[in-house]
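One-letter residues, chain by chain:
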Amino acid sequence: MAFCVAVIGKDNAPMYLTTSDMEQELDLQYHVHAALDVVEEKCLIGKGAPESKELYLGLLYSTENHTIYGFVTNSRVKFIVVIDSSNVALRENEVRAIFRNLHILYTDAVCNPFYIPGESLTSKKFDRAVQKLMSGNA
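Residues numbered from 1 in each chain as written. Predicted model: local features only at pLDDT ≥ 70, side-chain atom pairs only at ≥ 80, totals over all residues. Heavy atoms only, no water.

**Q** Could you give an account of the overall build of the protein, naming the residues involved and the relevant values?
**A** Check the secondary structure of the protein and you find three helices and five strands. Along the chain direction, N to C, the helices and strands of the protein fall in the order β-β-α-β-β-β-α-α. Here the protein has a C-alpha radius of gyration of 14 Å; the compact-globule value for 138 residues is 14 Å, and the two agree. Structurally, the protein occupies a C-alpha span of about 40 × 35 × 25 Å along its principal axes. At a minimum sequence separation of 6, the contacts of the protein that also span at least 24 residues come to 53%. For the protein, the exposed area adds up to about 8100 Å²; of that, 53% sits on carbon and sulfur atoms. For the protein, the centre of its 13 positive side-chain charges and the centre of its 17 negative side-chain charges are spaced 10 Å apart. (Helix = DSSP H or I, 4+ residues; strand = E, 2+ residues; numbered from the N terminus. Rg over C-alpha atoms; globule rule 2.2 N^0.38 Å. Contact = heavy atoms within 4.5 Å. Areas by Shrake-Rupley, 256 points an atom, 1.4 Å probe, with all protein chains shown as cover. Lys, Arg positive; Asp, Glu negative; His and termini not counted. Charge placed at Lys NZ, Arg CZ, Asp CG, Glu CD.)

**Q** Now, about the pattern of salt bridges: what can you tell me, with residues and values included?
**A** Under the criterion given, the structure shown has three salt bridges. In this structure, Lys78 engages Glu40 in a salt bridge whose closest nitrogen and oxygen atoms are separated by 3.7 Å. Of this pair, Lys78 sits in strand β5 (residues 78-84) while Glu40 sits in helix α1 (residues 25-48), and the two are 38 residues apart along the sequence. Looking at Lys78, the relative accessible area reads 0%, which means it is buried. When its relative accessible area of 23% is taken as the criterion, Glu40 is described as partly exposed. When the shortest N-O distance is used, the salt bridge between Arg91 and Glu94 registers 3.9 Å. The exposure class assigned to Glu94 is partly exposed, which follows from its relative accessible area of 30%. (Salt bridge = Lys/Arg side-chain N within 4 Å of Asp/Glu carboxyl O. Buried < 20%, exposed > 50% of the residue type's maximum accessible area, 1.4 Å probe, protein only.)

**Q** Requested: an account of the sheet that holds strand β3 (residues 56-62), with residues and values cited.
**A** With respect to topology, five strands assemble into an open sheet ordered β2-β1-β5-β4-β3, the strand pairing being antiparallel. Where the open sheet ends on each side, the last strands, each with one partner, are β2 (14-19) and β3. For this sheet, the mean inter-axis angle between neighbouring strands, taken without regard to orientation, is 15°. As paired elements, strand β4 (residues 66-72) and β5 share seven bridges and run antiparallel to each other. In the sheet register, Gly70 faces β5, and the bridge partner there is Ile80. In this fold helix α2 (residues 92-110) packs onto β1 (2-8), β2, β3, β4 and β5, with an angle of close to 135° to the strand it touches most, β5. This element, helix α3 (residues 124-135), spans β1 and β2 of the sheet and lies at about 45° to β2. (Pairing = 2+ DSSP bridges. Axes fitted to C-alpha atoms, helices over the stretch in contact; angles between N-to-C directions.)

**Q** Could you give an account of the nonpolar core, naming the residues involved and the relevant values?
**A** The tendency in soluble globular proteins is for nonpolar side chains to be buried side by side. Core analysis: the biggest nonpolar cluster contains 25 residues, and Val7 and Phe126 have the highest contact counts within it. Breaking this core down by element, the ones donating at least two residues are β1, β2, β4, β5, α2 and α3. Sorting elements by how many residues they give to this core places α2 first, with six residues. In contact with Phe126, other than residues within four places in its own chain, are Val7, Tyr16, Leu102, Leu105, Tyr106, Ala109 and Leu121. (Core = buried A, V, L, I, M, F, W, Y, C linked by side-chain atoms within 4.5 Å.)

**Q** Give me the pairing of β5: which residues, what numbers.
**A** A regular strand places its side chains on the two faces of the sheet in alternate fashion. Counting buried positions along β5 gives six out of seven residues, so the element sits mostly inside the fold. Pairing of β1 with β5, which is carried by six bridges, proceeds in the antiparallel orientation. Bridging across to β5, Ala6 finds its partner in Ile80. Counting the residues in the hairpin turn of β4 and β5 gives five residues, including Arg76, whose phi is positive at 70°.

Geometric descriptors of this kind do not, in isolation, establish any biological role.
This is the structure:
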C-alpha cells in the first residue's frame, strides 16, 4: 500500500522515515523532502485565514509512480506518506484513516516518559506498528 512514511519535526528535521522498498529509498526520501516545500506553502496560506482545524493537507503532488500526501499536527509536526500511484482503488477517506492511525501511533510514542521531545523516534513498537500500517494490515 504505502511505499514510504515520514515524520518530520517542526524544524523540518526527519524524526522517522521508513520505506518498504529499500532499492528506492533515496528516491523516496527525495520525494519526501520535496513535499516539505508544498507543506510549508499550504501552511502559510492557512495562516492568513482564521485558525484552521483541518490537519489533513491532502494530495501534495503526484509523479508518474507515486502520489504524496501530507498531514500537519497542531504542534507543526508533519507526516508525509508516499503511495504507489497505480493503486487507484485507494480512496481519500482511506488516506485520511492512514494519517489518523499514524497520528495515534505518534502520540503514543511521544507520550513515553523516556522519549526526549525533538529527538528521532527509535521506538521498536512504533516502527512495527508503522510497518504494519504500510502493509495495509492495520
